[in-house]
Amino acid sequence: DTAVSQTPKYLVTQMGNDKSIKCEQNLGHDTMYWYKQDSKKFLKIMFSYNNKELIINETVPNRFSPKSPDKAHLNLHINSLELGDSAVYFCASSPSSGRFNEQFFGPGTRLTVL
Amino acid sequence: AQSVAQPEDQVNVAEGNPLTVKCTYSVSGNPYLFWYVQYPNRGLQFLLKYITGDNLVKGSYGFEAEFNKSQTSFHLKKPSALVSDSALYFCAVRDNTGNQFYFGTGTSLTVIP
């Protein structure tokens, strides 16, 4: 039983294309996140959603747009892909935005922009 | 502002020896501290957390962490390292709103057979 799943696992595309990454959690959690992990393994939060509402939007280019159709899903759409977008993107969820709660991570989507 | 620092990019330890992965934190208010492990080509997995109470926190896979308020540290430890412990370890702190995690830069642990 996969707790947090992401599709696709690998995504290879050309500069300028638009692509989406999907995330689903079956844990009944209220809060979901998107993280970017760069080639040096630095992990940086991009977005945080609580009950389908955006609560954090870090300094991310507006080419990146999260969409949460319901609280079990948080998709990431990226317009006009650039070389610097190449990274591993992780979705995560937690029971709520409470300070005590750990996050559960998906397996990641490795995006390569050529 | 909340932050954590992991001063070591790489830690090597012989199998069977004790291991320590260091983390120091800077928070305003009470710290809520976490350790995660990332195996190659996998997502992060939660190991343990400190919320309040005992300074020694026990977690998954035999790991434990010691919270030290005076030194603002939360070092991850294991009495006897296994080769399978080789992975990337992240320390994290949650901010006071609960909305965001701040991750350290990660420490790559290699356990040598």
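The coordinates are above.
Nothing here was measured: the structure is a model prediction, and the numbers come from that model.

Chemist: Could you clarify how one ought to interpret the overall build of chain A in this entry?
Modeler: The helix and strand inventory of chain A stands at zero helices and 11 strands. Ordering the α and β elements of chain A from the N terminus gives β-β-β-β-β-β-β-β-β-β-β. A globule of 114 residues ought to have a C-alpha radius of gyration of about 13 Å, and chain A, at 13 Å, matches this closely. Projected onto the principal axes, the alpha-carbon positions of chain A cover approximately 40 × 30 × 30 Å. Looking at chain A as a whole, 45% of its 114 residues are labelled buried. Within chain A, counting contacts between residues at least 6 apart in sequence, those at least 24 apart form 54% of the total. Carbon together with sulfur atoms contributes 50% to the accessible area of chain A, which is approximately 5600 Å² in total. Across chain A, the centroid of the 13 positively charged side chains sits 5 Å from that of the 11 negatively charged ones.

Chemist: What's the story with the state of the cysteines in this structure? I'm lost.
Modeler: Under the counting rule described, the total for this entry stands at two disulfides over all chains. Here A:C23 engages in a disulfide with A:C91; their sulfurs sit 1.8 Å apart. Between A:C23 and A:C91, the S-S torsion sits near -75°, and that sign places the bridge as left-handed. You can see A:C23 sitting in strand β3 (residues 19–25) and its partner A:C91 sitting in strand β9 (residues 87–94), a full 68 residues away along the chain. A:C23 gets classed as buried once you look at its relative accessible area, which sits at 2%. Two residues, B:C23 and B:C91, share a disulfide whose sulfurs are 2.0 Å apart.

Chemist: Would you explain the side chain of B:K78 in this entry?
Modeler: All names here are of chain B. Following the sequence through the fold, K78 ends up in strand β9 (residues 73–78). Judged by its relative accessible area of 8%, K78 is buried. Not counting the four nearest positions on each side in its chain, K78 is found in contact with N17, P18, L19, Y61, G62, F63 and D85.

Chemist: Looking at this model, I keep getting lost on the interface of chain B and chain A. Mind explaining?
Modeler: In this complex, chain B contributes 23 residues to the contact, which on the side of chain A involves 26 residues. Counting each side, the surface lost to burial between chain B and chain A is near 2000 Å², with a carbon and sulfur contribution of 53%. For B:K49, the salt bridge is made with A:E102, and the minimal N-O distance between the two is 2.8 Å. Only β5 (33–38), β6 (44–50), β10 (87–94) and β11 (101–103) of chain B provide two or more residues apiece to the side of chain B that touches chain A.

Chemist: Please clarify how the nonpolar core should be interpreted in this entry.
Modeler: Within the largest apolar cluster, 27 residues are counted, with the highest numbers of intra-cluster contacts made by B:L33, B:W35, B:L47, B:L48, B:F74, B:L76 and B:Y89. Among the secondary structure elements, those contributing two or more residues to this core are β2 (10–14), β3 (19–21), β5, β6, β8 (64–68), β9, β10 and β12 (107–112) of chain B. The greatest single-element share of this core, amounting to four residues, is contributed by β10(B). Counting 20 residues, the second largest nonpolar core, distinct from the first, contains A:I21, A:M32, A:F47 and A:I78.

Cut-offs and rules
- As a convention, each chain's residues are numbered from 1 in the sequence order in which they are written.
- Numbering of ligands from 1 and lettering of chains from A proceed in the order in which they are written.
- In keeping with the predicted nature of the model, local features appear solely for residues at pLDDT of at least 70, side-chain atom pairs appear and are counted solely at 80 or more, and the whole-chain, interface and lining totals rest on all residues.
- Only heavy atoms go into the side-chain values, all of them from the structure, while hydrogens and water stay out.
- Helix and strand assignments come from DSSP, with helices taken as H or I runs of at least 4 residues and strands as E runs of at least 2, each series counted from the N terminus.
- The quantity called the radius of gyration is restricted to C-alpha atoms. Its globule counterpart is 2.2 Å times the number of residues to the power 0.38.
- Using a 1.4 Å probe on the protein chains alone, a residue whose accessible area is under 20% of its type maximum counts as buried, one over 50% counts as exposed, and one in between counts as partly exposed.
- The contact rule is simple, with two residues in contact once any of their heavy atoms fall within 4.5 Å.
- Computed with a 1.4 Å probe, the accessible areas rest on the Shrake-Rupley method; for each residue, only the protein chains presented here act as cover.
- Charge assignment in this entry is limited to Lys and Arg as positive and Asp and Glu as negative, and neither His nor the chain termini are counted.
- To locate a charge, take NZ of a lysine, CZ of an arginine, CG of an aspartate or CD of a glutamate.
- To count as a disulfide, a pair of cysteine sulfur atoms needs to be within 2.5 Å.
- Buried area is a sum: the accessible area each of two parts loses on coming together, probed at 1.4 Å, counted once for each and added.
- Within this document, salt bridges are pairs made up of a side-chain nitrogen of Lys or Arg and a carboxyl oxygen of Asp or Glu, the two lying within 4 Å of each other.
- By nonpolar core is meant a set of buried Ala, Val, Leu, Ile, Met, Phe, Trp, Tyr and Cys residues that side-chain atoms within 4.5 Å join together.

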